[in-house]
Amino acid sequence: MELTQKEFKIGLKVVLKILGKWGCNENQISVLLCFKNKDDMSAANQNDFTQDQVKRISYILNIHSELNQTFSNPDNIYGFMTMENQHSLFKGQTPLSLLLEGEHADFEAVMNHVFHLGNF
């Protein structure tokens, strides 16, 4: 299903709010969404986004949705991504730090981990 330009802009707005609540600064947001800077991001149209950028936006929305379903406490919903995690995937890092590894970021692995949180 193809998103309309309006739906895409709304999704991007939501992602920017989520990243803000995760405590991300402008540089981190640019890294997470593969933009040179925040101005490039706000001026972009749906057609300006690469497939990787669209995937990253989708992963962030899915991670947030699952955190909302797993936790009832806003501190956990928004704080989980910045909490040190001893799981073998993170090795003492925060989930957010794993996502900030640029092109080597493993959004899918983080999303899958979050999806399985309720099963631990």
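Please refer to the structure higher up on the page.
An account of the accompanying structure is given in this report. In this text, all values refer to a predicted model and were calculated from it rather than measured experimentally. (Residues numbered from 1 in each chain as written. Predicted model: local features only at pLDDT ≥ 70, side-chain atom pairs only at ≥ 80, totals over all residues. Heavy atoms only, no water.)

### Some remarks on the overall build of the chain
Using the following cut-off: Only runs of H or I of at least four residues qualify as helices and only runs of E of at least two qualify as strands under DSSP, and these elements are numbered from the N terminus. Here, Shrake-Rupley sampling with a 1.4 Å probe gives the accessible areas, and only protein chains in the shown set may cover a residue.
Along its length, the chain carries seven helices and zero strands. Going from N to C terminus, the chain has its helices and strands arranged as α-α-α-α-α-α-α. In the structure as shown, the chain presents an accessible area of about 7200 Å², 49% of it carried by carbon and sulfur atoms.

### Points about helix α1 (residues 5-21)
Test applied: Multiply 1.5 Å by the residue count of a helix minus one, and that product is the helix's expected span. In this scheme, a residue with accessible area under 20% of its type's maximum is buried, one over 50% is exposed, and one in between is partly exposed, where area comes from a 1.4 Å probe on protein chains only. Note: the arc covers the axis-to-C-beta directions of the helix.
Helix length check: α1, at 17 residues, gives a terminal C-alpha distance of 24 Å against a target of 24 Å (1.5 Å per residue), a fit within 8%. When α1 is considered as a whole, its buried residues turn out to be Phe8, Gly11, Leu12, Val15, Ile18 and Leu19. Here the buried residues of α1 occupy an arc of 120° about the axis, which is enough to place them on one side. The outward face of α1, more than 90 degrees from its buried face, is lined by the exposed residues Lys6, Lys13, Lys17 and Lys21. Of the residues flanking the end of α1, it is Gly23, one or two places downstream, whose phi is positive at about 90°.

### Re a nonpolar patch on the surface
Stated precisely, the cut-off is as follows: Within the patch definition used here, like charges are joined within 9 Å and nonpolar side chains (Val, Leu, Ile, Met, Phe, Trp, Tyr) within 5 Å, considering only residues with over 30% relative accessible area and no salt bridge. Each reported salt bridge corresponds to a side-chain nitrogen of Lys or Arg within 4 Å of a carboxyl oxygen of Asp or Glu.
On the surface, a nonpolar cluster with roughly 210 Å² of combined accessible area is contributed by Ile10, Val14 and Leu61. In this fold, Val14 is placed in helix α1. Judged by relative accessible area, Val14 falls into the partly exposed class, the value being 36%.

### Side note on unusual backbone geometry
Trans peptide bonds make up the majority, and among non-glycine residues the majority have a negative phi. Unlike most non-glycine residues, Cys34 shows phi in positive territory, near 55°. Secondary-structure assignment places Cys34 in the loop between α2 (26-32) and α3 (38-43). The partly exposed category is assigned to Cys34, whose relative accessible area is 38%. Its identity as a non-glycine residue notwithstanding, Lys91 has a phi of 50°, on the positive side. Tracing the backbone through its elements, the reader meets Lys91 in the loop between α5 (74-79) and α6 (95-99). Overall, Lys91 belongs to the exposed group, its relative accessible area being 71%.

### Topic: the nonpolar core
For clarity, the threshold we go by: The set of buried Ala, Val, Leu, Ile, Met, Phe, Trp, Tyr and Cys residues whose side-chain atoms join them within 4.5 Å is what this entry labels a nonpolar core.
Counting 30 residues, the largest nonpolar core has Leu19, Trp22, Leu33, Ile63 and Met81 as its most contacted members. Contributing elements (two or more residues each) for this core: α1, α2, α4 (51-70), α6 and α7 (107-115).

### Details of the environment of Leu98
The following threshold applies: Note on contacts: a residue pair is in contact if any heavy atoms of the two residues lie within 4.5 Å.
One can find Leu98 in helix α6. A relative accessible area of 9% means that Leu98 is categorised as buried. On a C-alpha basis, the gap between Leu98 and Val110 in space is 8.0 Å, while along the polypeptide they are 12 residues apart. Setting aside residues up to four positions removed in sequence, Leu98 forms contacts with Leu89, Phe90, Gln93, Ala105, Asp106 and Val110.

Just geometry here; none of it tells us what the structure is for.
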